[in-house]
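# Summary of the model geometry
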Amino acid sequence: QVQLVESGGGLVQAGGSLRLSCVASGRTFSSLAMGWFRQAPGKEREFVAGISWRTYYADSVKGRFTISRDNAKNTVYLQMNSLSPEDTAVYYCAGRPVPVTVNPASYDNWGQGTQVTVSS
């Protein structure tokens, strides 16, 4: 098992940026595919971005968000630029054995989530 802790959420104006971080412990981090998901009130949890040896993005964030990882620090990041109110959600970090998938039910490990709120 791996423990995941997200940070970096907050309140920003439309057009602004945030950088989320997720620190992992308890398992060999480099062997895992990592993903970012988000869930807005009344909506299903949706895939945002994932990374193994490659990166993957939802169409809604492609070109605006960048996922990266630092295996030496057991950390995955999500750089979010050009934020809009539609990006408002709780963002979750998740891990699973490779490969990356878009199905949240396929991930074994989850962080507690960090709130991202984008004002108009």
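Structural data are supplied above this passage.
To start, this report covers the structure provided alongside it. Each residue is numbered by its place in its chain's sequence as written, counting from 1. Only residues with pLDDT of at least 70 are given local features in this predicted model, and only at 80 or more are side-chain atom pairs given and counted; all residues enter the totals for whole chains, interfaces and linings. The side-chain quantities take in all heavy atoms of the structure and omit both hydrogens and water.

Before going further, it helps to spend a moment on the pairing of strand E8 (residues 75–80). Burial here depends on accessible area, computed with a 1.4 Å probe over protein chains only, as a share of the maximum for the residue type. Under 20% is buried, over 50% is exposed, and the range in between is partly exposed. Helix and strand assignments follow DSSP, with helices taken as H or I runs no shorter than four residues and strands as E runs no shorter than two, numbered in order from the N terminus. With five of six residues buried, E8 is to be regarded as a mostly interior element. Sheet analysis places strand E3 (residues 18–25) next to E8, joined by six bridges and oriented antiparallel. Considered in E8, the bridge of Leu18 is made with Met80. In terms of strand pairing, strand E7 (residues 65–70) meets E8 through six bridges, oriented antiparallel. Residue pairing across strands places Ser68 opposite Tyr77, the latter belonging to E8. Strand pairing is assigned whenever DSSP identifies at least 2 bridges connecting the two strands. Counted along the chain from E7 to the antiparallel partner E8, the turn is four residues long, and its residue Asn74 has a positive phi close to 50 degrees.

Let us now look at the environment of Ser68. Residue placement: Ser68 occurs in strand E7. Considering only alpha carbons, one finds Ser68 and Leu78, 10 residues apart in sequence, at a separation of 6.6 Å. For Ser68, the residues in contact, after removing those within four places along its chain, are Ile51, Thr75, Val76 and Tyr77. In this description, contact between two residues means that some pair of their heavy atoms is separated by no more than 4.5 Å.

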